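Here are the chains, one letter per residue:
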Amino acid sequence: PCPVRTYRGSIDEYSGAELVAIVRWIESDTLLRTEEELLAETVRTLGFSRRGSKISTAVTAAIASARGRPTTAW
């Protein structure tokens, strides 16, 4: 099961640590995904039907953090 309760009303309701945990959980299936594919899967897992700039920015920062790249988006 996903380590974080999903389907919240806004991306603002997730902490950076929660988003990173979701990204790591998705990647734990060992399938190779591009960053774009991982972004789409994370947005879907979070329960969002649209991907606005705020959602994309937050999830992209979580992906960077989960993959060990520095980020300043938080």
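Residues numbered from 1 in each chain as written. Predicted model: local features only at pLDDT ≥ 70, side-chain atom pairs only at ≥ 80, totals over all residues. Heavy atoms only, no water.

### Digging into helix α3 (residues 53–66)
Basically, it comes down to this: Helix and strand definitions follow DSSP, with helices as H or I runs of at least four residues and strands as E runs of at least two, each counted in order from the N terminus. Here, expected helix span is obtained from the residue count minus one, scaled by 1.5 Å. We call a residue buried when its accessible area falls under 20% of the maximum for its residue type, exposed when it is over 50%, and partly exposed in between, using a 1.4 Å probe and counting protein chains only. Throughout, a contact is declared for two residues whenever any of their heavy atoms are within 4.5 Å.
Between its terminal C-alpha atoms α3 stretches 20 Å, which fits the 20 Å expected from 14 residues at 1.5 Å a residue. All of the buried residues in α3 are Ile55, Ser56, Ala58, Val59, Ala61, Ala62, Ile63, Ala64 and Ala66. In the core, the buried residues of α3 are packed alongside α1 (16–27) and α2 (35–46). Backbone geometry just after α3 places Gly68 at a positive phi near 80 degrees.

### Considerations on the side chain of Thr45
Turning to its location among the elements, Thr45 is positioned in helix α2. For Thr45, a relative accessible area of 11% puts it in the buried group.

### With respect to the packing of α2 against α3
Here is the rule we go by: Orientation is described by axes fitted as lines to C-alpha atoms, over the contacting stretch for helices, and by angles from 0 to 180 degrees between their N-to-C directions. The handedness criterion is simple: a crossing whose near helix is rotated anticlockwise from the far helix by less than a right angle is left-handed, and one whose near helix is rotated clockwise is right-handed. Each residue gets one of three labels, nonpolar for Ala, Val, Leu, Ile, Met, Phe, Trp, Tyr, Cys and Pro, charged for Asp, Glu, Lys and Arg, and polar for the others, Gly among them.
Where α2 meets α3, the closest approach of the two axes is 10 Å, and the angle between their N-to-C directions is 115 degrees. You can see that α2 and α3 cross each other, and the crossing is right-handed. Of α3, the residues touching α2 (which contributes Glu35, Leu38, Leu39, Thr42, Val43 and Leu46) are Ile55, Ser56, Val59, Thr60 and Ile63. Each residue belonging to the contact of α2 with α3 can be placed in one class, and the counts come to 7 nonpolar, 3 polar and 1 charged.

### Topic: the packing of α1 against α2
The geometry of a pair of packed helices is captured by two quantities: the angle between their axes and the separation between those axes. Using the following cut-off: Here is the rule for angles: anything less than 35 degrees is roughly parallel, anything more than 145 is roughly antiparallel, 65 through 115 is roughly perpendicular, and the remaining ranges are oblique.
Contact geometry of α1 with α2 gives a least axis separation of 10 Å together with a crossing angle of 115 degrees. Taken together, the axis directions place α1 and α2 in an arrangement best described as roughly perpendicular. Seen from above, α1 lies across α2 with right-handed handedness. Every residue of α2 that contacts α1 at Leu19, Ile22, Val23, Trp25, Ile26 and Glu27 is listed here: Leu38, Glu41, Thr42, Thr45 and Leu46. Classifying every residue of the contact of α1 with α2 gives 7 nonpolar, 2 polar and 2 charged.

### Some points on the environment of Val4
As for its position among the elements, Val4 is in the segment before α1. When the C-alpha positions of Val4 and Ile22 are compared, they lie 6.8 Å apart, and in sequence the two are 18 residues distant. With near-sequence residues (within four places) excluded, Val4 lies in contact with Tyr14, Glu18, Ala21 and Ile22.

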